[in-house]
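# Survey of secondary and tertiary structure
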Amino acid sequence: MMASLLFLPSAHRVWRRSSRTAKSPMNRSAAFAIPATRLSVERRANTRGADRFSMKSSGLSPVQLFTNLFPLWSLGSSALGVLFPAAFIGVKDIYLTLGLSALMLSMGLTLSFEDLGRASGKWRELCLCFIGCYMFMPATALILTQLFTLSREFQVGLILLGIVSGGQASNLCTYIAGGDTALSVAMTTLTTFSATFMLPTLSKFLIGQIIPIDVIGVAKSAGQVVLFPIFLGVGFNAFFPQTSKRIEPALPVAGILATCFLIIVSIAKTSAALKSYFLFLLAPVVILHLCGGLFGYLLPKSLSMGDKESRTLAIETAFKSPALSFVLATKHFQEFAVRVPSAVSIVALAPLVAMLAVYLRSKPVVEPSSPVPSENG
């Protein structure tokens, strides 16, 4: 702080010299490189939270740096779960649920009721999400179970992975990627509550009711794990906006820490099965998610939807929240092997989608040119 104050007396002289020399192509870069501590307080249209104040010359803030290293934290968490399972295998399942709830609360704190209302009115995007979740992904999962001749428990696990909502980490990755977080939450809400009747329906027609599904339990879990913490965060944001603004830059960090906790515990609890079946299940799991991501991104693009909507739908369709799938498999399915595809997805997909989110974060959001015709028309 003192160094910044001491720098101020010479700042005016530096600016005058730089303004005189900036016209020269050779000196223009030097003129902008001298005031290295100057901050830009312009809001970015496609980011919130940690990116609200960007450091153009002096590099990233600690929060931004931590967020951009999300792929590294995901890989490190996976390694901890695999290498030291005994340290985490004793964690009770209730703490997984609490971890998911904490993550959803951190996302709810970034939203307002206006955001949710706006997102709920995007019926085209929501319909595409429903189609991707309950038509395209289950059909793709069913085809993959036949192509790879999976056992009945692995079939259920892979189809469950394809059916579940794009819960906790998809919302976080959408937030990091500069997508529409409110729309992601609306999609999560739609697919999660639809799961109360779509899961047993698709289980009956796709896998012949191999394992019964507790519909009431799934609905109760959806409300406790996803909706209640989201609306709690939105309500806090509405009644205490100043406090929310102060803590908002740290919310990505909280979300990443909660995600890493879920990754470590989920992998530790299935480490023995992962060592035996990871390579066998890696291909069908990754192919399922890749197909979902391509479907979710290319279809809205072909319909001339915005870049934010395409990013959101791609992540929401591809990610399919393996941690939430793991929690549901643990709570509502007796066969242990049903959890394994979700655990494989946590190991393989979390770092991949994290890298995708960080990559998209660095790219400007390109919106369609629909407002221009409306002004001329």
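That block above? That's the structure.
Quick caveat: nothing in here was measured; it's all calculated off a predicted structure.

Take unusual backbone geometry next. As a rule of thumb, non-glycine residues mostly have phi less than zero, and peptide bonds are mostly trans rather than cis. If you check the backbone angles, threonine 149 has positive phi at about 45° while not being a glycine. Within the secondary structure, threonine 149 is located in the loop between helix H7 (123–147) and helix H8 (152–163). For serine 304, which is not glycine, the phi torsion reads 60° and is therefore positive. Within the element layout of this structure, serine 304 appears in the loop between helix H14 (271–302) and helix H15 (307–319). With relative accessibility at 58%, the residue serine 304 sits in the exposed group.

Any two side chains of opposite charge can pair if their charged atoms end up close together. Throughout the structure, instances matching the rule amount to 5 salt bridges. A salt bridge links lysine 301 to aspartate 307; its shortest N-O distance comes to 3.5 Å. The exposure class assigned to lysine 301 is partly exposed, which follows from its relative accessible area of 34%.

It is worth spelling out the side chain of asparagine 237 at this point. Position of asparagine 237 relative to the elements: it lies in helix H11 (residues 215–239). Residue classification places asparagine 237 among the buried residues on the basis of a relative accessible area of 16%. Look past the residues within four positions of asparagine 237 in its chain and what remains in contact with it is Leu109, Thr110, Leu111, Ser112 and Ser244.

What follows is about a nonpolar patch on the surface. Judged by side-chain polarity, Leu80, Val82, Leu83 and Phe84 come together as a nonpolar surface patch covering roughly 360 Å² of accessible area. Looking at the element boundaries, valine 82 is found in helix H4 (residues 70–83).

A few words on the packing of aromatic side chains. Evaluated as defined, the whole model comprises 5 aromatic pairs. Summarising the aromatic geometry, the rings of phenylalanine 136 and phenylalanine 295 are spaced 4.4 Å apart at their centres and angled 10° between planes, so their arrangement reads as stacked. With phenylalanine 136 in helix H7 and phenylalanine 295 in helix H14, the pair connects residues that are 159 residues apart, well separated along the chain. Looking at phenylalanine 136, the relative accessible area reads 26%, which means it is partly exposed.

Turning to the packing of helix H5 (residues 93–108) against helix H13 (residues 251–269), a few remarks are in order. The N-to-C vectors of H5 and H13 enclose an angle of 155°; their axes lie 9 Å apart at closest approach. Between H5 and H13, the crossing angle belongs to the class labelled roughly antiparallel. Pair H5 / H13 crosses with left-handed handedness. When H5 is examined against H13, the residues Asp93, Tyr95, Leu96, Gly99, Leu100, Leu103 and Ser106 are found in contact with a partner set consisting of Leu251, Gly255, Ala258, Thr259, Phe261, Leu262, Val265, Ser266 and Lys269. Looking at side-chain class alone, the contact of H5 with H13 contains 9 nonpolar, 5 polar and 2 charged residues.

Parameters and conventions
Residues numbered from 1 in each chain as written. Predicted model: local features only at pLDDT ≥ 70, side-chain atom pairs only at ≥ 80, totals over all residues. Heavy atoms only, no water. Helix = DSSP H or I, 4+ residues; strand = E, 2+ residues; numbered from the N terminus. Buried < 20%, exposed > 50% of the residue type's maximum accessible area, 1.4 Å probe, protein only. Salt bridge = Lys/Arg side-chain N within 4 Å of Asp/Glu carboxyl O. Contact = heavy atoms within 4.5 Å. Patch = residues over 30% accessible without salt bridge, like charges linked within 9 Å, V, L, I, M, F, W, Y side chains within 5 Å. Areas by Shrake-Rupley, 256 points an atom, 1.4 Å probe, with all protein chains shown as cover. Phe/Tyr/Trp six-rings, centres within 6.5 Å; stacked < 30°, edge-to-face > 60°. Axes fitted to C-alpha atoms, helices over the stretch in contact; angles between N-to-C directions. Parallel < 35°, antiparallel > 145°, perpendicular 65-115°, else oblique. Left-handed = near helix turned anticlockwise from the far one by under 90°. Nonpolar A, V, L, I, M, F, W, Y, C, P; charged D, E, K, R; others polar.

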